[in-house]
Amino acid sequence: MKIINFFLVIFILSIVSESNSQNCSNTSVGFTPLNDLGAGFYRGLQGGLYPGGENFRPSQHDADGIDLALQVVPLDTAGNYDPVTGRIVLLSVGMSNCSQEFQRFRILVNGAAYLNPKLSIINGAQGGQTIDIIINPNAAFWTVIEDRLRAGGLSVKQVQAVWFKEAQASPTDTSFPGYPSGLKEKFKTAMTVMKAKFINLKLCYNASRIYGGYASTGLNPEPYSYYSGWSVKWLIEDQITGDTSLIYKGINPKSAWLSWGPYLWADGIIPRSDGLTWNCPADFNADGTHPSANGTVKVAEMLDNFFRSDASSKPWFLKSITLNLKLAEEGFYNPVENKLRMKDTVKVYLLNSTSPYATIDSSKAVIDSSTLTGTFKFYNAPPGIYYIKINHRNSIETWSKSGGVNFVSGNIYNYDLTDSSAMAYGNNMIFNVNKYCIYSGDVNQDGAIDLADGSLIDNDAFNFASGYLPTDTNGDGIIDVADAVYADNNGFNFVGKITP
């Protein structure tokens, strides 16, 4: 409670006293929210939250975000992996509105049963600290954030995700696209400053302002609230289209990976397609700019729903069992290079360890071709002993060792099938020079490798089929006699699934 009161005091001190009340008559400004604009245009420029008028992240950008999310792990204050006492920090960065809304979000999720017990949520946003201030890396704003982290027993090296919401104080330029383009450049600078200060920062979720039509001051009224959405849209778009100042991959990233999270603007009382409205006086304080308690609840709930459901935040925001599973598919494995010929998707199930071995949870991930490892997240399984069941598109169903594995929510587990056949139930694997592999050839996924599988391979080979097909048992993209070998050999040896 003392921390909450401290933030409220900081916020109150940051606001210049105003005797004016909200302009509740300005119920709409006639702009279309970006998500509702979609492929449509505003003053010649296409809407949507992402390129092409889309409201969903492009597939590659989305996949990159998920990959980075799976790399978010508990760190100690020096930034080293520490699965026991390490923490994951989600930090807010922004001005007064950001501080108010994020503090309400902290209260909302405090003690939630679904929250990752390794997660620390820190409100770094501060009243009066607008974008023109925080783009200075030497600004006191950043020192205050360090102090707040330290007060929680944390450090800047544990910050791995940020919610960013900023605005400019008392702007006067109403040009479009001039003003939002200029603001975007300042946001871009802020991204590079954050990455320099938080070296382990991987993900940044961006927000624009809520509706500003009720404002009774010039602090940040419309059209600036609406325009800030365009600034965020173009910031993210610049990263997606390859802006070198926003590189987030490789050996020298200059920015975190960027995404919306979530979009907050709606045209006053005009319902957005998802029903969001901003009402006066209920949702605003006296200046019509800062949200009331009711307004902060709206944003907090949107944040909570986003972090609980988005594919790039679920892996670190939610309580889960994390399984780093190492395996090699017989046909895909190249023992000379000690790697797989291709990376591929595998689905894993957690099953009760006693009959009838009911499925409790499932997860899907890609097995990397170099590390032979995929990271699987289970959000619904309570602590307990489970069998791990592995399904791959043309491999035999394989179960973990007899007796199952003891899992505890919030912990990270490593399970390596490649070191010993005993790691598979019934020792149901084959040794291939360097590694134990799960058997290839169950093309029709019926639990047995036999003539039916061989026939499917032969037919595709006869027709010169190629591409991502289950009959491609060696992962080279071409269906031929090399694929048939695995089905023929394993069929001859009556290979099938072995289960309790």
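Reading the values: rules and limits
- Residues numbered from 1 in each chain as written.
- Predicted model: local features only at pLDDT ≥ 70, side-chain atom pairs only at ≥ 80, totals over all residues.
- Heavy atoms only, no water.
- Core = buried A, V, L, I, M, F, W, Y, C linked by side-chain atoms within 4.5 Å.
- Buried < 20%, exposed > 50% of the residue type's maximum accessible area, 1.4 Å probe, protein only.
- Helix = DSSP H or I, 4+ residues; strand = E, 2+ residues; numbered from the N terminus.
- Contact = heavy atoms within 4.5 Å.
- Pairing = 2+ DSSP bridges.
- Disulfide = S-S within 2.5 Å.
- Expected span 1.5 Å × (residues − 1).
- Axes fitted to C-alpha atoms, helices over the stretch in contact; angles between N-to-C directions.
- Parallel < 35°, antiparallel > 145°, perpendicular 65-115°, else oblique.
- Nonpolar A, V, L, I, M, F, W, Y, C, P; charged D, E, K, R; others polar.
- Arc of directions from axis to C-beta.
- 1 Å grid on protein atoms, 1.4 Å probe; cavity = no way out; pocket = protein on both sides within 12 Å on 5 of 7 lines; lining within 4 Å.
- Points joined across faces, edges and corners; volume = space filled by probe spheres on them.
- Salt bridge = Lys/Arg side-chain N within 4 Å of Asp/Glu carboxyl O.
- Left-handed = near helix turned anticlockwise from the far one by under 90°.

K.L.:
How do you make sense of the nonpolar core when you look at a structure like this?
P.N.:
Among soluble globular proteins, nonpolar side chains are generally buried collectively. Val 93, Phe 105, Trp 142, Phe 164, Met 194, Trp 316 and Phe 317 are the most contacted members of the largest nonpolar core, which has 87 residues in total. Of all the elements, helix H8 (residues 224-240) adds the most residues to this core, at 8 residues. If we ignore the near neighbours within four places in the chain, the residues touching Val 93 are Cys 98, Ala 125, Ile 134, Phe 141, Trp 142, Ile 145, Val 162, Trp 163, Phe 164, Lys 165 and Met 194.

K.L.:
Help me out: how do you make sense of the pairing of strand E12 (residues 359-367) in this one?
P.N.:
The side chains of a regular strand alternate, first on one face of the sheet and then on the other. Strand direction decides the pairing type here: strand E11 (residues 344-352) and E12, joined by 8 bridges, are antiparallel. Within E12, the position partnered with Asp 344 by the bridge is Ile 367. Hairpin remark: E11 followed by E12, antiparallel, with 6 residues in the connecting loop; positive phi at Tyr 357, about 55°.

K.L.:
Would you take a moment to explain the state of the cysteines for this structure?
P.N.:
Such a bond, covalent and formed between the sulfur atoms of two cysteines, is termed a disulfide. With the rule as written, the count across this model stands at 1 disulfide. Paired by a disulfide, Cys 24 and Cys 280 hold their sulfur atoms 1.9 Å apart. Judged by the torsion about the S-S bond (-60°), the Cys 24/Cys 280 disulfide is left-handed. Taken as a pair, Cys 24 in the loop between helix H1 (2-14) and helix H2 (34-37) and Cys 280 in the loop between strand E7 (257-260) and helix H9 (293-309) lie far apart in primary sequence, 256 residues in all.

K.L.:
Would you explain helix H7 (residues 178-197) in this entry?
P.N.:
Structural remark: α-helix, 3.6 residues per turn; residues separated by three or four positions point the same way. Counted at 1.5 Å a residue, the expected span for H7 with its 20 residues is 28 Å, and the 29 Å between its end C-alpha atoms agrees. Where H7 is concerned, the buried positions are Tyr 179, Pro 180, Leu 183, Lys 184, Phe 187, Lys 188, Ala 190, Met 191, Val 193, Met 194 and Lys 195.

K.L.:
For this particular structure, what's the right way to read the sheet that holds strand E17 (residues 412-416)?
P.N.:
Hydrogen bonds between backbone atoms are what pair the strands of a sheet, whose relative direction is either parallel or antiparallel. Reading across from one edge, E13-E8-E17 is the order of the 3 strands in this open sheet, with mixed pairing throughout. In the strand order of this sheet, the two ends are held by strand E13 (373-378) and E17, each with one partner. The mean inter-strand angle of the sheet, taken between neighbouring strand axes irrespective of direction, is 20°. Pairing of strand E8 (residues 321-326) with E13, which is carried by 6 bridges, proceeds in the antiparallel orientation. Considered in E13, the bridge of Lys 326 is made with Thr 373.

K.L.:
Would you explain the packing of helix H11 (residues 451-462) against helix H12 (residues 481-492) in this entry?
P.N.:
Any two packed helices are characterised by how steeply their axes cross, that is the angle between the axes, and by the distance between the axes. At a closest axis distance of 9 Å, the pairing of H11 and H12 adopts a crossing angle of 175°. When the interaxial angle is binned, H11 and H12 end up roughly antiparallel. Contact residues: H11 offers Gly 454, Ile 457 and Asp 458, while H12 offers Asp 483, Ala 484 and Ala 487. Class assignment of the residues belonging to the contact of H11 with H12 gives a composition of 3 nonpolar, 1 polar and 2 charged.

K.L.:
Would you mind showing me how to read helix H3 (residues 59-70) here?
P.N.:
For H3, spanning 12 residues, the distance from its first C-alpha to its last is 17 Å, which sits close to the expected 16 Å at 1.5 Å a residue. Within H3, burial applies to His 61, Asp 64, Gly 65, Leu 68 and Ala 69. End-on, the buried residues of H3 take up no more than an arc of 140°, which puts them together on one face. Those residues of H3 that are exposed and aimed more than 90 degrees away from the buried face are Ser 59 and Gln 60. Each element contacted by the buried residues of H3 is listed here: strand E6 (203-207), H8, E7 and helix H10 (314-317).

K.L.:
Quick question: what am I supposed to make of the layout of surface pockets here?
P.N.:
Picture a little ball the size of a water molecule; that probe, rolled over the atoms, points out where space is still empty. Its volume calculated, the largest pocket comes out at about 1,100 Å³. As for the largest pocket, its lining consists of 42 residues, and the residues nearest its centre are Ile 66, Asp 67, Leu 70, Ala 365 and Thr 375. Of all the secondary-structure elements, those providing two or more residues to the lining of the largest pocket are H3, H10, E8, E12, E13 and E17. The element best represented in the lining of the largest pocket is E12, accounting for 6 residues.

K.L.:
Before we go on, may I ask you to explain the sheet that holds E6 in this structure?
P.N.:
Ordered in space as E4-E3-E5-E6-E7, the 5 strands form an open sheet in which the pairing is parallel. A strand with exactly one partner marks an edge of an open sheet, and here the two such strands are strand E4 (119-123) and E7. The average undirected angle you get between the axes of adjacent strands in this sheet is 20°. In the sheet, strand E3 (residues 88-94) pairs with E4 via 5 bridges, with the strands oriented parallel. Its bridge partner being in E4, Leu 90 is matched across the sheet by Ile 121. In the packing of helix H6 (residues 140-151) onto the sheet, contacts are made with E3, E4 and strand E5 (159-165), and the angle to E3 comes to roughly 150°.

K.L.:
For this particular structure, what's the right way to read the pattern of salt bridges?
P.N.:
Side-chain pairing between opposite charges can occur once the charged atoms of the two side chains come close. Applying the stated criterion to the full structure yields 17 salt bridges. Residue Arg 393 pairs with Asp 344 through a salt bridge whose shortest N-O separation is 2.5 Å. A residue pair is termed long-range when its members are at least 10 positions apart, and Arg 393 in the loop between strand E14 (384-392) and strand E15 (398-399) and Asp 344 in strand E11 qualify at 49 residues. Among the charged side chains, a network of salt bridges with common partners joins Lys 184, Glu 185, Lys 188, Asp 238 and Asp 243.

K.L.:
Which parts of the structure should I look at to understand unusual backbone geometry?
P.N.:
Put simply, Phe 176 and Pro 177 share a cis peptide bond, and its omega is 10°. By the element assignment, Pro 177 lies in the loop between E5 and H7. Despite not being glycine, Val 433 has its phi angle at roughly 65°, a positive value. The phi angle at Phe 494 is positive, at roughly 55°, despite the residue not being glycine.

K.L.:
Help me understand the environment of Val 162 in this model?
P.N.:
When you line up the elements, Val 162 lands in strand E5. Sequence-wise, Val 162 and Leu 90 are 72 residues apart; in three dimensions their C-alpha atoms are separated by 5.6 Å. Among all residues touching Val 162, those that are not within four sequence positions of it are Leu 90, Leu 91, Val 93, Met 194, Leu 201, Leu 203, Cys 204 and Tyr 205.

K.L.:
Teacher, can you tell me more about the packing of H7 against H8 here?
P.N.:
Remark: H7 packs on H8, axes separated minimally by 8 Å, with the N-to-C direction vectors making an angle of 55°. Comparing their axes, H8 and H7 come out oblique. The two elements H7 and H8 cross, and the hand of that crossing is right-handed. Contacts from Tyr 179, Pro 180, Ser 181, Leu 183, Lys 184, Phe 187, Lys 188 and Met 191 in H7 reach Tyr 224, Tyr 227, Ser 228, Trp 230, Ser 231, Val 232, Trp 234, Leu 235 and Asp 238 in H8.

Read these as geometric descriptors, not functional statements.
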